[in-house]
Amino acid sequence: MTPTVAIVGGTGLTALDTLKITHRESQSTPYGEPSSPLIYGDLAGRAVVFLARHGTHHTLPPHQINYRANLWALHRIGVRQVIAVAAVGGIREDMAPGVLAFPDQLVDYTWGRHGTFFEDNLSHVTHIDFTEPYCGELRMRLIRAARELNLDARESCTYAATQGPRLETAAEVRKLERDGCDIVGMTGMPEAALARELEMRYAACAVVANRAAGKAPGAITMAEIERNLVAGMNQVKALLERAISTLGEAHSS
Ligand code: HPA
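Residues numbered from 1 in each chain as written. Predicted model: local features only at pLDDT ≥ 70, side-chain atom pairs only at ≥ 80, totals over all residues. Heavy atoms only, no water.

A. Local environment of the overall build of the protein. In terms of regular secondary structure, the protein is built from 5 helices and 11 strands. Taken over C-alpha atoms, the radius of gyration comes to 17 Å for the protein, in line with the 18 Å a tight globule of 253 residues would show. Residue burial in the protein is summarised as follows: out of 253 residues, 50% are buried. With the model as given, the accessible surface of the protein reaches about 11,300 Å², and the carbon-plus-sulfur share is 51%. Within the protein, the 28 negative side-chain charges are centred at a point lying 2 Å from the centre of the 25 positive side-chain charges. (Helix = DSSP H or I, 4+ residues; strand = E, 2+ residues; numbered from the N terminus. Rg over C-alpha atoms; globule rule 2.2 N^0.38 Å. Buried < 20%, exposed > 50% of the residue type's maximum accessible area, 1.4 Å probe, protein only. Areas by Shrake-Rupley, 256 points an atom, 1.4 Å probe, with all protein chains shown as cover. Lys, Arg positive; Asp, Glu negative; His and termini not counted. Charge placed at Lys NZ, Arg CZ, Asp CG, Glu CD.)

See the structure below:
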């Protein structure tokens, strides 16, 4: 059966070992190649497709990801719901490493990325509504699954999308905090907006990998991030199984 649900895995989740893989498919799109082949399989009894956002071997930095090709390829095969998994830094006090967070708002600080499908051969200019950047219903499914599994999760927060690939300065994080942001990552945009342009439901499950710059003493190391993500991603895998098992076939629009 063709999957209508996709999981886009980020840092710490370049493969989904809970997925019973049926086949892989390389795609090309009018926008170029997606980050990785599409991995088709079965998760909790449902057809699911997995895409590794940073590439199979984690070689694509956030600003070089072909977000348009990724979303286009998923949409073309029939995906209508996207669960995005992403590592973030924690800005808010209660966003400690290992915590899961389900953003309901975002602020976009990225630049120079291809952020729309609506720019070539236009018959009219299109402005999508983006008041609520995440799908409320899909978010609630993730939140409900986290509650059922007793996971340490934050159900409302604002995601700051920064350009990367460098981490932020302490002053930049203080500015993000003044802007009302609670977590910070580098891949949430334009992914969320492109999904909306294609009328796909989109929700994010963020895993706090580190305290954001200046929020804990000392430098942030990749070793620290990777260590925290191992435990966090195990929780995410359990969450995904639970959430996916509750998805009805009716939610394909
Ligand atoms: N900032 C931006 N992106 C991130 C961070 C961070 O501190 N940690 C993991 N992804």
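B. Inspection of the site of the ligand at higher detail. Lining the immediate environment of the ligand, one finds A87, V88, G89, L167, E168, V184, G185, M186 and N210. In the model, a nitrogen atom of the ligand is placed 3.4 Å from a nitrogen or oxygen of the A87 main chain. N210 places a polar side-chain atom, nitrogen or oxygen, 2.7 Å from a nitrogen atom of the ligand. Within the complex, the protein chains bury 93% of what would otherwise be the 260 Å² of accessible surface of the ligand. For the shell around the ligand, the elements supplying multiple residues, two or more each, are strand 5 (81-90) and strand 10 (183-185). Tallying contributions element by element places strand 5 first for the shell around the ligand, with 3 residues. In terms of residue class, the shell around the ligand is built from 5 nonpolar, 3 polar and 1 charged. (Near = heavy atom within 4 Å. Polar contact = N/O pair within 3.5 Å; in protein donor to acceptor, adjacent residues only side chain to side chain. Nonpolar A, V, L, I, M, F, W, Y, C, P; charged D, E, K, R; others polar.)

C. Looking closely at the environment of P133. Tracing the chain through its elements places P133 in the loop between strand 7 (105-108) and helix 2 (136-148). Given a relative accessible area of 2%, P133 falls into the buried group. Distance in space between the C-alpha atoms of P133 and A101 is 15 Å, their sequence separation being 32 residues. Beyond its immediate chain neighbours, meaning those up to four positions away, P133 contacts D104, Q105, L106, A192 and R196. (Contact = heavy atoms within 4.5 Å.)

D. Molecular detail of helix 5 (residues 222-245). The end-to-end C-alpha distance of helix 5 is 33 Å, a good match for the 34 Å that 24 residues give at a rise of 1.5 Å each. Of all the bends in helix 5, the largest measures some 30° and sits at V230. Three or more residues of helix 5 are buried, namely E224, I225, N228, L229, G232, M233, V236, K237, L239, L240, A243 and I244. (Expected span 1.5 Å × (residues − 1). Bend = angle between axes of the 7 residues up to and from the residue.)

E. Geometry of the packing of helix 2 against helix 5. The contact between helix 2 and helix 5 brings their axes to 9 Å, and the two run at 120°. Considering the angle they form, helix 2 stands oblique to helix 5. As for how helix 2 packs across helix 5, the hand of that crossing is right-handed. Between helix 2 and helix 5, the residues in contact are R141, L142, A145, A146 and E148 and L239, R242 and A243, respectively. Partitioning the contact of helix 2 with helix 5 into residue classes produces 5 nonpolar, no polar and 3 charged. (Axes fitted to C-alpha atoms, helices over the stretch in contact; angles between N-to-C directions. Parallel < 35°, antiparallel > 145°, perpendicular 65-115°, else oblique. Left-handed = near helix turned anticlockwise from the far one by under 90°.)

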